[in-house]
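Secondary and tertiary structure notes
The lines below spell out each chain.
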Amino acid sequence: RGAARGARDRGGHAIAMDFAELEQKEGVRLSWNAWPSSRIEATRVVLPFGAVCTPCKPMPEMPVLPYAPVVCTECSAVLNPYGMVDYHQKRWQCCLCNTGNALPRNYHEINENNLPAELFPGYTTVEYCMDNKNPRPPCFLLVLDTTMAQEELQDAKDSIGQLVALLPEECLVGLVTFGATVTVHELKDSPMPRSFVLRGTDDITQDQLKKLLQLELSPHEHATYDKQKGSAVAEAHSALRRFILPISECEFALQTILDELEPDPFKKEIGMRPFRCTGVAIAVAQGLVAESHSAQGARVMTFTSGPCTMGPGTVVGRDMAENLRTHADFNKGSATHFKAASKFYNSLGIRLATHAHTLDVFACSLDQVGLAEMKTAVDQTGGVMVLAEQFRAETFRSSLRRLFRRDASGALDMYFNATFSVFCVPQVMVCGGIGPMSALAVKSKSISENEVGMGQTTSWRVCSLSGDTSIAVYYEIVNQHSNPIPAGTPFYLQFCVRYKRSNGEIRLRVMTVARRWAESAAAHDIVSGFDQEACALLMARVSTFRVEHEETFDLLRWLDRTLIRVGSKFGEYAKDSPETFRMPGPFAIYPQFMFNLRRSQFLQTANNTPDETAFYRLMMGRETVLNSLVMIQPTLTAYTFTGEPTPVLLDVASIQPDCILLLDTFFMIVVHSGSTIGEWRKAGYQELPEHEAFRTLLAKPVLDAKTKMHGRCPTPRLVECDQGGSQARFLLAKLNPSATHATSDARGGGMGGFGENGQAGAEIIFTDDISLNVFLAHLAKLAVQS
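The structure reproduced in this document is the subject of the present report.

For the protein chain, the helix and strand inventory stands at 24 helices and 30 strands. Over its C-alpha atoms the protein chain spans a radius of gyration of 28 Å, differing by no more than 12% from the 28 Å that the globule rule assigns to 786 residues. Principal axes of the C-alpha set define a box for the protein chain whose edges measure 90 × 80 × 60 Å. A separation of at least 24 residues holds for 72% of the contacts in the protein chain among residues at least 6 apart in sequence. Total accessible area on the protein chain stands at roughly 33,600 Å², and carbon and sulfur atoms take up 52% of it. Looking at the protein chain, you have 76 positive and 85 negative side-chain charges, and the mean spots of the two groups are 4 Å apart.

This is how it looks when you write it as structure tokens:
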């Protein structure tokens, strides 16, 4: 029961494999793969009905169709293999709303033996290649903080140079720098390039920016402007001819400006933080891309080394006597700048999302920079956050390389300006969605009054997404008990995402899934169709969303009560007999997921700054099921002389003197050497030719760790430590404390601990946290009560 995800009972493993295979085909995972047919029965299931959709998941076998989709006139869903087609009348019936529709003229030759690809039974997920009459490459506006030391600024400039080198030549770039003021740099080829310096004390709107940067025509020029022919004057005034240009035209000018860039000249005062107007700089960048690149793919990429200290978006005052806010300050209500800064960045996020633009924040600092305040803007625009200590850090630079990787066709593996829409049958309503997106004002009959996450709509804008971006959608069953549906009758859900590739192509991916109604919440189909991994992710997202948006929400109590109700409903037990309690196979590991979720950095804020907590929650809100499970319940692998690497229990008893452990928490990878292994390594045995096996044993976990790091963005931090060393705390913090100082003292032990099953362990944890076995014993006791 305390096993890591890799070490599971046979039944649970087989079921998980089936769900993973379905996801490979459909791009979607549902928490329940059979749904009760009435609202009353649905409430008895306790856990949410939802889907985790990965809209741009790489699917090599998915067909790409070079024509427009056929859309239902009533509900706007797309023709799919589950629709009924009348080949004689040339009509089709929508499987979602049952409306009859005429097929378009170009479909009039179809018959049973001549089907379009979207009606092939195996093609439930297809992609349409849409016409784009105005293809434009994406824009990357670089916003660089100059209030740092010369050496650090040079590292930041080198990182930007590396980033520009990764971009295709046709991509557009611009440069804004900031310190006490904001400087917008002209990149056009000119004997005397100009820069516009703006005050850093007040917010600047798009209209104000047009005047300040002279992007508007004068009254005389406006009077003589011919809208049909355009004018050379208007062309010369355009931001796309001055501030934002293709890399092929401005690379030399951009590199020259970067080379000549010096640290912010404003005087540094002892005991005072430097002037830094991050909020105004992002507002200026937003106005510039909105003016030049509206409704096209664009990213505002902010490189900063400290908190905003002036103007809107201020996180902390300049006086060093004022400390940066902590979680304790939030609890006391004494974080003086937090609400105003959060409100400002939220408004910036809305302005960016309105034009389908993304905000990214690359924070390289030993202290906080204000990510907790900026999170809403980054999250609702689909941006990324990267945290590092220095711009020269390899984890930071590899994160940049990973972010700008290319696909097989040579285009950037990032997608822009997406619209994500969901469609469902009349017996189901959409409660909302949670992910890196913002809600669109799309009204539908399918909108539920019970809002979960971003509700009151069935469509969301996703300004930027990648192949790993996942969106959680929550549903409510509204069919009345008096209107029974025969068990086994299919129902359908459809997910559509329209997005733009970096090469200008517009694609529409349509994912249609079919599942079956079950008679009641106790039906065998409901239990066997439970996907505990997808449900754990859906619960984790609801938890993090509610803890951020509801001030008086007692999260741990809600999670515990929900788990007890699940145990009472689905557990197998005799009344008032806790020792008989067990969860059925499909639920076997779900309590363990909840135990680790309660202890995770998403819900527990001790030992993390508000910025780190914001980063962790941002990542939880967008990653795939498997990646999110690694965040909730890390994997632990043991390397020994006796065999292949094997998954082991995420338990303190797994620490052995002659064993190397590899802990993967997604954000950090820890290679932990047992005490004996560490002593041998310090003695240099690996250098001796007769100890080839030892040398191989030391190298294998580090190699596996680097392989895991290579596929992730942001790149996780690698920690190599020995048992008893200071950095071993990263491992101990994640392990189940089955052996603590309390259990050791009770058994008369010294520093050597005993696991809960009595086996001797090599380590104990000094903690008052309860262990998994105690947690499960309490669950059994409360679940079986009459």
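Let us look at the sheet that holds strand β29 (residues 668–673). Strand order in the open sheet made by the five strands is β27-β26-β28-β29-β30, with mixed pairing throughout. The open sheet terminates on both sides in strands that have one partner only, identified here as β27 (646–647) and β30 (717–722). Judged from the five bridges that link them, strand β28 (residues 660–664) and β29 form a sheet pairing that is antiparallel. In the sheet register, L663 faces β29, and the bridge partner there is V670. Where helix α20 (residues 675–682) meets the sheet, it contacts β28, β29 and β30, and its direction lies at approximately 80° from that of β29.

Quick look at the pattern of salt bridges now. Applying the stated criterion to the full structure yields 38 salt bridges. Note that R299 is salt-bridged to D360, the shortest N-O span being 2.6 Å. Linking R299 in strand β14 (residues 298–304) with D360 in strand β15 (residues 357–364), this pair joins segments that are 61 residues apart in sequence. With relative accessibility at 2%, the residue R299 sits in the buried group. Of the charged contacts in the structure, one is a salt bridge between K708 and D664, with a shortest N-O distance of 3.7 Å. Linking K708 in helix α21 (residues 692–710) with D664 in strand β28, this pair joins segments that are 44 residues apart in sequence. Connected via shared salt-bridge partners are E127, D407, R501, E505, R507 and R509.

Taken together, four strands build an open sheet; the order of strands is β1-β3-β21-β18 and the sheet is antiparallel. Among the strands making up the open sheet, the edge pair consists of β1 (28–30) and β18 (428–434). Averaged over neighbouring strand pairs, the angle between their axes works out to 25° when direction is ignored. Sheet topology places β18 next to strand β21 (residues 471–477); six bridges connect them, and they run antiparallel. Bridge assignment links G432 to a residue of β21, and that residue is Y474.

Its place among the elements puts D379 in helix α12 (residues 371–380). Residue D379 is classed as buried on the basis of its relative accessible area, which comes to 17%. Setting aside residues no more than four positions away along its own chain, D379 makes contact with G435, P436, M437, L618 and R622.

What follows deals with empty space enclosed by the protein. If a probe as big as a water molecule is rolled over the atoms, it shows which places are left empty. If you walk through the whole model with that rule in mind, you get four cavities of 30 Å³ or more. For the largest cavity, the calculated volume is near 320 Å³. Surrounding the largest cavity, 22 residues form its lining, V384, L403, S466, T469 and C713 being those nearest its centre. Secondary structure elements with two or more residues in the lining of the largest cavity: α13 (394–403) and β20 (459–465). Classifying every residue of the lining of the largest cavity gives nine nonpolar, five polar and eight charged.

At the junction of C713 and P714, the peptide bond is cis and its omega measures out at -5° in the coordinates. Within the secondary structure, P714 sits in the loop between α21 and β30. Look at K90: it is not a glycine, yet its phi comes out positive at around 55°. Here K90 lies in the loop between β5 (84–86) and β6 (91–93). Looking at K90, the relative accessible area reads 19%, which means it is buried. The backbone phi angle of N607 is positive, close to 70°, even though this residue is not glycine. One can find N607 in the loop between α17 (590–599) and α18 (610–620). Judged by relative accessible area, N607 falls into the exposed class, the value being 81%.

Moving on, we come to the packing of α17 against helix α24 (residues 772–783). Viewed as axis vectors pointing N to C, α17 and α24 meet at an angle of 120°, and their least axial separation amounts to 11 Å. Considering the angle they form, α17 stands oblique to α24. Where α17 crosses over α24, the handedness of that crossing is right-handed. Facing α17, whose interface residues are P591, Q592, F595 and R598, α24 presents L772, F775, L776 and L779. Of the residues assigned to the contact of α17 with α24, the class counts are six nonpolar, one polar and one charged.

What follows covers the packing of helix α9 (residues 278–293) against helix α11 (residues 338–354). Where α9 contacts α11, the two axes come as close as 10 Å, and the packing angle between them is 10°. Accordingly, the angle class assigned to the pair α9 and α11 is roughly parallel. With respect to the hand of their crossing, α9 and α11 are arranged in left-handed fashion. Together, T278, G279, I282, A283 and Q286 of α9 and F344, Y345, L348, R351 and L352 of α11 make up the contact between the two elements.

Counting residues in hydrophobic clusters, the biggest one holds 162 residues, and the most contacted among them are W32, W35, F420, Y475 and F495. For this core, the element with the most residues is α9, which contributes eight residues. Counting 37 residues, the second largest nonpolar core, distinct from the first, contains L142, L258, A393 and L412.

It is worth spelling out the pairing of β15 at this point. Taking burial as the measure, the eight residues of β15 include eight buried ones, the bulk of the element. Taking every second residue as pointing to the same face, both faces of β15 are buried, with H357, L359, V361 and A363 on one and T358, D360, F362 and C364 on the other. Relative to strand β16 (residues 385–388), β15 runs parallel, the two being bridged by four bridges. Within β16, the residue paired with A363 across the bridge is L387. What joins β15 to β16 is α12, and the crossover it makes is right-handed.

Note that E23 resides in helix α1 (residues 10–26). For E23, a relative accessible area of 6% corresponds to the buried category. If we ignore the near neighbours within four places in the chain, the residues touching E23 are V28, R29, T54 and K57.

Glancing now at the pairing of β14. In the case of a regular strand, side chains alternate between the two sheet surfaces. By the criterion of burial, β14 is predominantly enclosed, with seven of the seven residues buried. What you see with β14 is no split at all: A298, V300, T302 and T304 on one side and R299, M301 and F303 on the other are buried throughout. Sheet topology note: the strand β9 (residues 139–145)/β14 ladder contains six bridges and is parallel. Bridge pairing in β14 links L142 to M301. Here seven bridges tie β14 to β15, and the two strands are oriented parallel to one another. Bridge assignment links F303 to a residue of β15, and that residue is F362.

Rules used in this analysis
Residues numbered from 1 in each chain as written. Predicted model: local features only at pLDDT ≥ 70, side-chain atom pairs only at ≥ 80, totals over all residues. Heavy atoms only, no water. Helix = DSSP H or I, 4+ residues; strand = E, 2+ residues; numbered from the N terminus. Rg over C-alpha atoms; globule rule 2.2 N^0.38 Å. Contact = heavy atoms within 4.5 Å. Areas by Shrake-Rupley, 256 points an atom, 1.4 Å probe, with all protein chains shown as cover. Lys, Arg positive; Asp, Glu negative; His and termini not counted. Charge placed at Lys NZ, Arg CZ, Asp CG, Glu CD. Pairing = 2+ DSSP bridges. Axes fitted to C-alpha atoms, helices over the stretch in contact; angles between N-to-C directions. Salt bridge = Lys/Arg side-chain N within 4 Å of Asp/Glu carboxyl O. Buried < 20%, exposed > 50% of the residue type's maximum accessible area, 1.4 Å probe, protein only. 1 Å grid on protein atoms, 1.4 Å probe; cavity = no way out; pocket = protein on both sides within 12 Å on 5 of 7 lines; lining within 4 Å. Points joined across faces, edges and corners; volume = space filled by probe spheres on them. Nonpolar A, V, L, I, M, F, W, Y, C, P; charged D, E, K, R; others polar. Parallel < 35°, antiparallel > 145°, perpendicular 65-115°, else oblique. Left-handed = near helix turned anticlockwise from the far one by under 90°. Core = buried A, V, L, I, M, F, W, Y, C linked by side-chain atoms within 4.5 Å. Right-handed = clockwise from strand over helix to strand, strands pointing away.

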